[in-house]
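# Overview (structure and organization)
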Amino acid sequence: MRRDVLKKLIATPGVKHKVSNFDPGYTGRISKEEADILRLKNVNKLAKLQDRLYAQDRYAILAVFQGMDGAGKDGTIKHVMSGINPHGCQVFSFKQPSNEELDHDYLWRISKCLPERGRIGIFNRSHYEDVLVSKVHPEILLGNKLPDIHTIQDADKKFWKKRYRQINNFEQYLIENGIIVMKFFLNVSQEEQRRRFINRLEEEDKNWKFSSSDFEESQHWDLYMKAYSDMLTNTSTEIAPWYVIPADNKWYMRYVVAQLICDKVATLKPQYPKVTPLQQQQINTYKRLLLDENEEAPADILEEKEA
């Protein structure tokens, strides 16, 4: 991907960000036809890279997707990961915590779902819900059994700073242990979200996608944009930056995500394991046995026919 385009997509670490500074309709001077061709090439390339990643069994990729309802998280995951061997891919979606999860720290349920080495893990929503939804609806924290939160006022700036730090430390730990974290904020405009909601209501085969909670949460748009801006400012780091993906054009969003994941996996240079001399000797032995067996097969078949 061209550097000038990449620069527009990354939330630069250490800089104060506003979601409004990123254009949700940006398409990087590429046509839909070109983007579709490149996406398909990247899907095929990713399948080959993932096969080597799985065989090497040393690194894992964790792709985190966040965005407002209607941003296109499900569709992007479907189109980008369509060529991957299911054995090498894991998808998890995090919604309202269960009672069991509330009896643990907020990263506990995340840790349980981390990808194994050799796999690509997909988080459709993630630990960032705990600095997004919980920030827009701080009353949620009162039910999380946190030791220092007794009233909504206790969730002050100091509390959120501490939580951002915890997330940054968690991600640094993962990366240092071979789990490469990639974070995608699918940046959809309010008008495009509204158009997609209407589309879900007007087309019968899309009715199932609509939920009343989607509409209710969309009424808190400004609060969510503030929460997302704070998230970008405080958790886009040098080792795990946020990619702010323009989401008003699904074709461009899907192309960009596929390109970024391909580029990242390629930098790991995954290779098939080299066989040892002993393994090579065993391979040669069994190959010879199978070939000898194959040469004898026709005679056996003839004998059975004559009998």
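Description of the structure in this document. (Residues numbered from 1 in each chain as written. Predicted model: local features only at pLDDT ≥ 70, side-chain atom pairs only at ≥ 80, totals over all residues. Heavy atoms only, no water.)

### Quick look at the side chain of arginine 254
Inspection of the secondary structure puts arginine 254 in helix H11 (residues 250–267). At a separation of 3.5 Å, a polar atom in the side chain of arginine 254 contacts the side chain of histidine 79. With residues near it in sequence (within four places) discarded, arginine 254 still touches Arg39, Gly75, Thr76, His79 and Val80. (Helix = DSSP H or I, 4+ residues; strand = E, 2+ residues; numbered from the N terminus. Polar contact = N/O pair within 3.5 Å; in protein donor to acceptor, adjacent residues only side chain to side chain. Contact = heavy atoms within 4.5 Å.)

### Topic: the packing of aromatic side chains
Inspection of every chain in the model, using the stated rule, returns nine aromatic pairs. Aromatic pair tyrosine 26 and tyrosine 252: ring centres 6.1 Å apart, planes at 90°, arrangement edge-to-face. Placement of tyrosine 26 in the loop between strand E1 (10–11) and helix H2 (32–56) and of tyrosine 252 in helix H11 is noted, with a sequence separation of 226 residues between them. Across the pair, tyrosine 252 and tyrosine 26 agree in class, each one buried. Centre to centre, the rings of phenylalanine 159 and tryptophan 160 are 4.9 Å apart; their planes meet at 80°, and the pair counts as edge-to-face. The buried category is assigned to phenylalanine 159, whose relative accessible area is 11%. For tryptophan 160, a relative accessible area of 7% corresponds to the buried category. (Phe/Tyr/Trp six-rings, centres within 6.5 Å; stacked < 30°, edge-to-face > 60°. Buried < 20%, exposed > 50% of the residue type's maximum accessible area, 1.4 Å probe, protein only.)

### Section: helix H8 (residues 190–202)
The terminal C-alpha atoms of H8 lie 19 Å apart, and with 13 residues this matches the ideal 18 Å at 1.5 Å per residue to within 8%. If you follow the buried residues of H8, they end up packed against helix H9 (212–218), helix H10 (221–235) and H11. (Expected span 1.5 Å × (residues − 1).)

### A closer look at H2
With 25 residues, H2 should cover 36 Å at 1.5 Å per step; its first-to-last C-alpha distance of 35 Å lies within 8% of that length. Taken residue by residue, H2 has Ala35, Arg39, Asn42, Val43, Leu46, Leu49, Gln50 and Leu53 as its buried positions. Where H2 is buried, its residues touch strand E2 (60–67), helix H3 (73–80), strand E4 (120–124) and H11. Trailing H2 by a residue or two, aspartate 57 shows a phi angle of about 60°, which is positive.

### Some details on the packing of helix H7 (residues 157–176) against H10
At a minimum axis distance of 10 Å, the contact between H7 and H10 shows a crossing angle of 55°. By the angle between their axes, H7 is oblique relative to H10. Classified by chirality, the crossing of H10 by H7 is right-handed. On H10, the residues touching Lys161, Tyr164 and Asn168 of H7 are Asp230, Met231, Asn234 and Thr235. The residue makeup of the contact of H7 with H10, split by class, is two nonpolar, three polar and two charged. (Axes fitted to C-alpha atoms, helices over the stretch in contact; angles between N-to-C directions. Parallel < 35°, antiparallel > 145°, perpendicular 65-115°, else oblique. Left-handed = near helix turned anticlockwise from the far one by under 90°. Nonpolar A, V, L, I, M, F, W, Y, C, P; charged D, E, K, R; others polar.)

### Describing unusual backbone geometry
Although it is not a glycine, aspartate 57 adopts a positive phi angle of roughly 60°. Secondary-structure assignment places aspartate 57 in the loop between H2 and E2. Owing to a relative accessible area of 47%, aspartate 57 belongs among the partly exposed residues under this scheme. For arginine 125, which is not glycine, the phi dihedral falls at a positive 75°. Here arginine 125 is to be found in the loop between E4 and helix H6 (133–136).

### Focus on a positive patch on the surface
A contiguous patch of positive charge on the surface is contributed by Lys16, Lys18, Lys157 and Lys161. Turning to its location among the elements, lysine 18 is positioned in the loop between E1 and H2. (Patch = residues over 30% accessible without salt bridge, like charges linked within 9 Å, V, L, I, M, F, W, Y side chains within 5 Å. Areas by Shrake-Rupley, 256 points an atom, 1.4 Å probe, with all protein chains shown as cover. Salt bridge = Lys/Arg side-chain N within 4 Å of Asp/Glu carboxyl O. Lys, Arg positive; Asp, Glu negative; His and termini not counted. Charge placed at Lys NZ, Arg CZ, Asp CG, Glu CD.)

### Examining the nonpolar core
Membership of the largest hydrophobic core comes to 80 residues, with the highest contact counts inside it found for Leu46, Met81, Phe184, Tyr228, Leu232, Ile245 and Ile261. Among the elements that make up this core, the one with the highest residue count is H11 (11 residues). What tyrosine 228 contacts, discounting residues up to four positions off in sequence, is Val19, Gln66, Gly67, Met68, Leu132 and Phe185. (Core = buried A, V, L, I, M, F, W, Y, C linked by side-chain atoms within 4.5 Å.)

### Overview of the pairing of E2
In terms of burial, E2 is largely enclosed, as eight of its eight residues are buried. Of the two faces of E2, the one holding Ala60, Leu62, Val64 and Gln66 and the one holding Ile61, Ala63, Phe65 and Gly67 are both buried throughout. With eight bridges connecting them, E2 and strand E5 (residues 179–187) associate as parallel partners. By the bridge assignment for E5, alanine 60 is matched with isoleucine 179. (Pairing = 2+ DSSP bridges.)

Without other data, these values stay purely geometric and don't point to any function.
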